[in-house]
Amino acid sequence: MHYCPKCQRPLARPNAWHYCAEVNIDDLFEGKAPELVLIFDRLLEQIVQWDEVGVSASKNCGIFIHKQTFLILRPMK
């Protein structure tokens, strides 16, 4: 797994294009229903147990990466 030197976001390959800004995953759920947060937490709990999975956030979604991005979760209203 490679990491951006600026934002520390996990990348599938060096120099991969990405939204280069540090975003806190908790900020994605600000103002959202508590049930949505609970669902994301349960998914996160299961997925991070897999080998070599990176988790990061973009400006409006959570991103899960192994050798490439395999899951994007975008919390909506």
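Since the model is a prediction, treat every value here as computed from it, not as a measurement.

Rules used throughout
As a convention, each chain's residues are numbered from 1 in the sequence order in which they are written. Totals for whole chains, interfaces and linings use all residues, but because this is a predicted model, local features are given only for residues with pLDDT of at least 70 and pairs of side-chain atoms are given and counted only at 80 or more. By convention in this description, side-chain values take in all heavy atoms of the structure and omit both hydrogens and water. Only DSSP runs of H or I covering at least 4 residues are called helices, and only runs of E covering at least 2 are called strands; the numbering of each starts at the N terminus. We take the radius of gyration over the C-alpha atoms and set the globule estimate at 2.2 Å times the residue count to the 0.38 power. Think of it in three bands: residues with accessible area under 20% of the maximum for their type are buried, residues over 50% are exposed, and the middle band is partly exposed, with areas taken using a 1.4 Å probe on protein chains only. Residue burial considers only the protein chains on display, and all accessible areas are found by Shrake-Rupley using a 1.4 Å probe. Asp and Glu count as negative and Lys and Arg as positive, but His and the ends of the chain are not part of the count. All charge positions are set by atom: Lys at NZ, Arg at CZ, Asp at CG, Glu at CD. Note that patches include only residues with greater than 30% relative accessible area and no salt bridge, and the join distances are 9 Å for like charges and 5 Å for nonpolar side chains (Val, Leu, Ile, Met, Phe, Trp, Tyr). One speaks of a salt bridge when a side-chain nitrogen belonging to Lys or Arg is within 4 Å of a carboxyl oxygen belonging to Asp or Glu. Two strands are said to pair when DSSP picks up at least two bridges between them. To get an axis, a line is fitted to the C-alpha atoms, and for a helix only the part in contact is used. The angle between two axes follows their N-to-C directions and goes from 0 to 180 degrees.

**Details of the overall build of the protein chain**
The number of helices and strands found in the protein chain is two helices and five strands. Helices and strands appear in the protein chain in the N-to-C order β-β-α-α-β-β-β. For the protein chain, whose C-alpha radius of gyration is 13 Å, the value lies close to the compact-globule estimate of 11 Å for 77 residues. Expressed as lengths along the three principal axes of its C-alpha atoms, the size of the protein chain is roughly 35 × 25 × 15 Å. Expressed as a percentage of its 77 residues, the buried residues of the protein chain come to 30%. Here the protein chain has roughly 5800 Å² of accessible surface; of this, 51% comes from carbon and sulfur atoms. Measuring between centres, the 9 positive side-chain charges of the protein chain sit 12 Å from its 9 negative side-chain charges.

**Focus: unusual backbone geometry**
Unusually for a residue other than glycine, Glu52 sits at a positive phi of about 55°. By the secondary structure assignment, Glu52 is in the loop between helix H2 (34-47) and strand E3 (54-57).

**What about a negative patch on the surface?**
A cluster of acidic side chains, namely Asp26, Asp27, Glu30, Asp41 and Glu45, defines a negative patch on the protein surface. Of all the secondary structure elements, the ones that give two or more residues to the negative patch are helix H1 (25-28) and H2. Positionally, Asp41 belongs in helix H2.

**Description of the environment of Asp26**
The topology assignment puts Asp26 in helix H1. Overall, Asp26 belongs to the exposed group, its relative accessible area being 58%.

**Remarks on the sheet that holds strand E4 (residues 62-65)**
One open sheet accounts for three strands, arranged E3-E4-E5; its pairing is antiparallel. Here the strands that pair on one side only, and so sit at the sheet edges, are E3 and strand E5 (69-73). The average angle at which neighbouring strand axes cross in this sheet is 20°, direction not considered. Here four bridges tie E4 to E5, and the two strands are oriented antiparallel to one another. Paired with Gly62 across the strands is Leu73, a residue of E5.

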